[in-house]
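Residue-level listing of the chains:
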Amino acid sequence: MCIFCRIIDGSLGATIRWQNEMWIAIDDIHPKAKTHVLLVSKTHIESLEQAMDQALLESGLSTVQMVARTLGLVEAGYKTVINTGRGAGQIVDHLHIHLLSGNIGNV
Ligand code: 5GP
Ligand code: ZN
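Draft legend 1. Fine view of the environment of His98. As for its placement among the helices and strands, His98 is situated in strand S5 (residues 96-101). Residues His98 and Ile82 lie 16 residues apart in sequence; the distance between their C-alpha atoms is 6.3 Å. Within polar-contact distance, the side chain of His98 engages the side chain of His36 at 2.9 Å.

So this is what it looks like as C-alpha coordinates:
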(Lines give C-alpha, C1' and ligand atoms only; values in the text may rest on other atoms or scores of the structure.)
(Ligands and ions follow the chains in the order given, each with its own letter.)
Protein backbone atom coordinates (compact mmCIF):
# COMPACT_ATOMS: atom_id res chain seq x y z
CA MET A 1 0.00 0.00 0.00
CA CYS A 2 1.39 3.46 -0.85
CA ILE A 3 2.18 6.04 1.84
CA PHE A 4 -0.83 8.23 1.06
CA CYS A 5 -3.17 5.20 1.20
CA ARG A 6 -1.67 4.40 4.59
CA ILE A 7 -2.32 7.96 5.79
CA ILE A 8 -5.92 7.73 4.52
CA ASP A 9 -6.55 4.42 6.32
CA GLY A 10 -4.95 5.77 9.50
CA SER A 11 -2.00 3.35 9.69
CA LEU A 12 0.49 6.21 9.04
CA GLY A 13 0.27 9.49 10.94
CA ALA A 14 -0.18 12.91 9.33
CA THR A 15 -1.51 16.32 10.30
CA ILE A 16 -4.95 16.47 8.70
CA ARG A 17 -6.08 20.03 7.93
CA TRP A 18 -9.35 19.38 6.12
CA GLN A 19 -11.23 16.61 4.38
CA ASN A 20 -14.36 15.81 2.44
CA GLU A 21 -15.64 12.67 0.69
CA MET A 22 -13.09 12.80 -2.12
CA TRP A 23 -10.03 14.66 -0.81
CA ILE A 24 -7.95 14.89 2.35
CA ALA A 25 -5.64 17.84 3.07
CA ILE A 26 -2.48 17.03 5.05
CA ASP A 27 0.67 18.95 5.92
CA ASP A 28 3.62 18.02 3.71
CA ILE A 29 6.30 16.33 5.81
CA HIS A 30 9.02 18.45 4.12
CA PRO A 31 7.37 21.87 3.66
CA LYS A 32 8.69 24.02 0.80
CA ALA A 33 6.77 27.11 1.93
CA LYS A 34 5.40 28.53 5.19
CA THR A 35 2.22 26.59 4.47
CA HIS A 36 2.59 23.45 2.35
CA VAL A 37 -0.49 21.28 2.24
CA LEU A 38 -1.12 18.26 0.03
CA LEU A 39 -4.65 17.59 -1.20
CA VAL A 40 -4.67 13.84 -1.63
CA SER A 41 -7.45 11.94 -3.41
CA LYS A 42 -9.10 9.42 -1.10
CA THR A 43 -9.00 6.78 -3.82
CA HIS A 44 -5.66 5.48 -5.07
CA ILE A 45 -5.06 6.93 -8.55
CA GLU A 46 -1.45 6.96 -9.74
CA SER A 47 -1.36 10.45 -11.20
CA LEU A 48 -3.36 13.11 -13.02
CA GLU A 49 -2.74 11.14 -16.21
CA GLN A 50 -4.66 8.16 -14.79
CA ALA A 51 -7.49 10.27 -13.29
CA MET A 52 -10.69 9.56 -15.26
CA ASP A 53 -13.29 10.43 -12.64
CA GLN A 54 -14.75 13.75 -13.82
CA ALA A 55 -16.47 14.45 -10.51
CA LEU A 56 -13.16 13.97 -8.69
CA LEU A 57 -11.31 16.24 -11.11
CA GLU A 58 -13.97 18.94 -10.94
CA SER A 59 -14.01 18.85 -7.15
CA GLY A 60 -10.22 19.18 -7.04
CA LEU A 61 -10.08 22.90 -7.78
CA SER A 62 -13.07 23.77 -5.62
CA THR A 63 -11.39 21.83 -2.82
CA VAL A 64 -8.26 23.94 -3.34
CA GLN A 65 -10.43 27.08 -2.94
CA MET A 66 -12.11 25.68 0.15
CA VAL A 67 -8.86 24.67 1.86
CA ALA A 68 -7.14 27.96 0.95
CA ARG A 69 -10.04 29.93 2.43
CA THR A 70 -10.28 27.69 5.50
CA LEU A 71 -6.55 28.06 6.20
CA GLY A 72 -6.66 31.84 5.61
CA LEU A 73 -4.31 31.83 2.64
CA VAL A 74 -6.28 34.06 0.28
CA GLU A 75 -4.78 37.39 1.33
CA ALA A 76 -1.18 36.14 1.14
CA GLY A 77 -1.87 34.29 -2.12
CA TYR A 78 -1.27 30.66 -2.87
CA LYS A 79 0.17 28.40 -5.54
CA THR A 80 -1.06 24.99 -6.66
CA VAL A 81 1.13 22.38 -8.33
CA ILE A 82 0.41 18.88 -9.64
CA ASN A 83 3.54 16.92 -10.54
CA THR A 84 2.74 14.24 -13.11
CA GLY A 85 5.42 11.66 -13.84
CA ARG A 86 9.02 11.25 -12.66
CA GLY A 87 10.30 13.79 -15.18
CA ALA A 88 8.12 16.43 -13.54
CA GLY A 89 9.22 15.52 -10.02
CA GLN A 90 6.41 13.19 -8.96
CA ILE A 91 7.75 10.96 -6.18
CA VAL A 92 4.57 9.57 -4.62
CA ASP A 93 2.45 7.72 -7.18
CA HIS A 94 -0.91 8.73 -5.72
CA LEU A 95 -2.79 11.77 -7.08
CA HIS A 96 -2.16 14.89 -5.00
CA ILE A 97 -2.24 18.66 -5.40
CA HIS A 98 0.39 20.79 -3.67
CA LEU A 99 -0.99 23.97 -2.06
CA LEU A 100 1.76 26.42 -1.09
CA SER A 101 1.59 29.83 0.54
CA GLY A 102 4.14 32.17 2.12
CA ASN A 103 7.86 32.21 1.34
CA ILE A 104 7.37 30.31 -1.91
CA GLY A 105 10.37 30.01 -4.17
CA ASN A 106 9.93 30.75 -7.84
CA VAL A 107 8.57 27.87 -9.88
P1 5GP B 1 5.51 14.76 -5.35
O2 5GP B 1 6.98 15.04 -5.52
O3 5GP B 1 5.17 13.30 -5.56
O4 5GP B 1 4.62 15.68 -6.15
O5 5GP B 1 5.18 15.13 -3.86
C6 5GP B 1 5.21 14.21 -2.82
C7 5GP B 1 5.24 15.02 -1.54
O8 5GP B 1 4.94 14.13 -0.47
C9 5GP B 1 6.61 15.64 -1.23
O10 5GP B 1 6.48 17.06 -1.14
C11 5GP B 1 7.01 15.00 0.09
O12 5GP B 1 7.64 15.90 0.96
C13 5GP B 1 5.69 14.50 0.65
N14 5GP B 1 5.80 13.33 1.49
C15 5GP B 1 6.57 12.23 1.27
N16 5GP B 1 6.37 11.32 2.24
C17 5GP B 1 5.46 11.86 3.09
C18 5GP B 1 4.86 11.38 4.30
O19 5GP B 1 5.12 10.28 4.80
N20 5GP B 1 3.96 12.21 4.91
C21 5GP B 1 3.64 13.45 4.39
N22 5GP B 1 2.74 14.18 5.07
N23 5GP B 1 4.20 13.92 3.26
C24 5GP B 1 5.09 13.13 2.62
ZN1 ZN C 1 -2.23 5.27 -2.68
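Draft legend 2. The arrangement of the side chain of His94 in detail. Summarising the element assignment, His94 is placed in the loop between strand S4 (79-81) and S5. A distance of 3.2 Å separates a polar atom in the side chain of His94 from a polar atom in the side chain of His44. With residues up to four places along the chain from it excluded, the contact list for His94 reads Cys2, Phe4, Cys5, Ile8, Val40, Ser41, Thr43, His44, Ile45 and Glu46.

Draft legend 3. Fine view of the pairing of S5. Most of S5 is tucked away: six of the six residues are buried. Residues His96, His98 and Leu100 of S5 are buried on one face, and the alternating residues Ile97, Leu99 and Ser101, pointing to the opposite face, are buried as well. Two elements, strand S3 (residues 35-41) and S5, share six bridges in a ladder whose sense is antiparallel. Its bridge partner lying in S5, Val40 is registered against His96. Here three bridges tie S4 to S5, and the two strands are oriented antiparallel to one another. When the sheet's bridge partners are listed, Thr80 is paired in S5 with Leu99.

Draft legend 4. Examining the coordination of the zinc ion (ligand 2) more closely. Protein-derived ligands of the zinc ion (ligand 2) are Cys2 (SG), Cys5 (SG), His44 (ND1) and His94 (ND1), with the metal-ligand distances lying across 2.0 to 2.3 Å. Between the four donor atoms coordinating the zinc ion (ligand 2), the angles at the centre fall across 102 to 121°, so the site counts as tetrahedral. All donors of the zinc ion (ligand 2) come from a single chain, and their spacing in sequence reads C-x2-C-x38-H-x49-H. Note that Cys5 is positioned in helix H1 (residues 3-8) and His94 in the loop between S4 and S5, a separation of 89 residues in sequence. In this structure Cys5 comes out as buried when scored by relative accessible area, which is 16%. For His94, a relative accessible area of 0% translates into the label buried.

Parameters and conventions
- Residues numbered from 1 in each chain as written.
- Chains lettered and ligands numbered in written order.
- Predicted model: local features only at pLDDT ≥ 70, side-chain atom pairs only at ≥ 80, totals over all residues.
- Heavy atoms only, no water.
- Helix = DSSP H or I, 4+ residues; strand = E, 2+ residues; numbered from the N terminus.
- Polar contact = N/O pair within 3.5 Å; in protein donor to acceptor, adjacent residues only side chain to side chain.
- Contact = heavy atoms within 4.5 Å.
- Buried < 20%, exposed > 50% of the residue type's maximum accessible area, 1.4 Å probe, protein only.
- Pairing = 2+ DSSP bridges.
- Donors = N, O, S within 2.8 Å, 3.2 Å for Na, K, Ca; no water.
- Tetrahedral: all angles 85-135°; square planar, octahedral: opposite > 155°, others 65-115°.

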